[in-house]
Amino acid sequence: NGPEVYVTTSGGDIEMGAVSGGTITVKTSGGDIEMGHAQGDQTTVKTSGGDIEIGNMDGDLEAATSGGDISVRLTKSWNVDLSTTGGTIDIMAPRSVGANLDFDAGEVILNGSMDFTGTRDEDRVDGKLNGGGPTIRARSNHGEINLHIQ
């Protein structure tokens, strides 16, 4: 647990290197959000019209954009909720991550060798990765979701 971090702008991009805190909130009405490393108990990242990119995520994450892409690299298993109306969601995770997957998009692609059990369709994935764990939920109404196991 650490201090609360709150960063907001009404119309520009937000770029951050490494940020840590108990609760991290980053919001912009019309720009991109880029974070090199985020470490917190709960991180919330929202933009109305831009992309979201998180280089390394340590902690639970909620990220949403109305019209952009989301890219996040997980360091291990965390509760993650990602949503975009029309963009692509890219999730990178280590081979050892255990998670419950709940993906729904125009197209869902699982990349890399993985131990997955559950339902896997072109537009939906619901199941367990490496026996399960925290939930990774991702929604893209008209885009795609890519899970990259590295």
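Use the structure listed above.
A short tour of the structure in this document, coming up. Keep in mind that what you see is a predicted model, and the values were worked out from it rather than measured. (Residues numbered from 1 in each chain as written. Predicted model: local features only at pLDDT ≥ 70, side-chain atom pairs only at ≥ 80, totals over all residues. Heavy atoms only, no water.)

Quick look at the overall build of the protein
From N to C terminus, the protein includes zero helices and 11 strands. Taken over the C-alpha atoms alone, the protein extends approximately 40 × 35 × 20 Å along its principal axes. Within the protein, the fraction of its 150 residues that count as buried is 43%. In the protein, the share of contacts with a sequence separation of at least 24, taken over all contacts with a separation of at least 6, comes to 32%. Carbon and sulfur atoms make up 39% of the accessible area of the protein, which amounts to about 6700 Å² in all. (Helix = DSSP H or I, 4+ residues; strand = E, 2+ residues; numbered from the N terminus. Buried < 20%, exposed > 50% of the residue type's maximum accessible area, 1.4 Å probe, protein only. Contact = heavy atoms within 4.5 Å. Areas by Shrake-Rupley, 256 points an atom, 1.4 Å probe, with all protein chains shown as cover.)

What about the pattern of salt bridges?
For the structure shown, the criterion picks out four salt bridges. Notably, a salt bridge pairs E62 with K46, separated by 3.5 Å at the nearest N-O pair. Taken together, the residues span a long stretch of sequence, with E62 in strand β4 (residues 52-65) and K46 in strand β3 (residues 33-47) at a distance of 16 residues. On the basis of relative accessibility, which here comes to 30%, the residue E62 falls in the partly exposed class. Linking R124 and D102 is a salt bridge whose minimum nitrogen-to-oxygen distance equals 3.0 Å. Of the two residues, R124 is situated in strand β10 (residues 124-129) and D102 in strand β8 (residues 99-111); the sequence distance between them amounts to 22 residues. Overall, the relative accessible area of 18% leaves D102 in the buried class. Overlapping salt bridges bring together D102, R124 and R139 as one network. (Salt bridge = Lys/Arg side-chain N within 4 Å of Asp/Glu carboxyl O.)

Structural notes on the nonpolar core
Grouped together as the largest cluster of nonpolar side chains are 39 residues, with contacts concentrated most on M35, I54, L61, L82, I91, L101 and F103. At six residues, β8 tops the list of elements feeding residues into this core. (Core = buried A, V, L, I, M, F, W, Y, C linked by side-chain atoms within 4.5 Å.)

Side note on unusual backbone geometry
In this structure, N130 takes a positive phi of about 50° despite not being glycine. On the secondary structure map, N130 appears in the loop between β10 and β11 (135-149). Its relative accessible area of 29% is what places N130 among the partly exposed residues.

As for the pairing of strand β2 (residues 14-28)
Consecutive side chains along a regular strand alternate between the two faces of the sheet. Relative to β2, strand β1 (residues 4-9) runs parallel, the two sharing six bridges. Directly across from V5, in β2, lies its bridge partner I24. Sheet analysis places β2 next to β3, joined by 13 bridges and oriented parallel. Note on β3: the bridge partner recorded for M16 is M35. (Pairing = 2+ DSSP bridges.)

A short note on the side chain of T65
Tracing the backbone through its elements, the reader meets T65 in strand β4. Here the side chain of T65 touches G67 through a polar contact of 3.5 Å, landing on its backbone nitrogen. From its side chain, T65 meets the backbone nitrogen of G68 in a polar contact 3.2 Å long. (Polar contact = N/O pair within 3.5 Å; in protein donor to acceptor, adjacent residues only side chain to side chain.)

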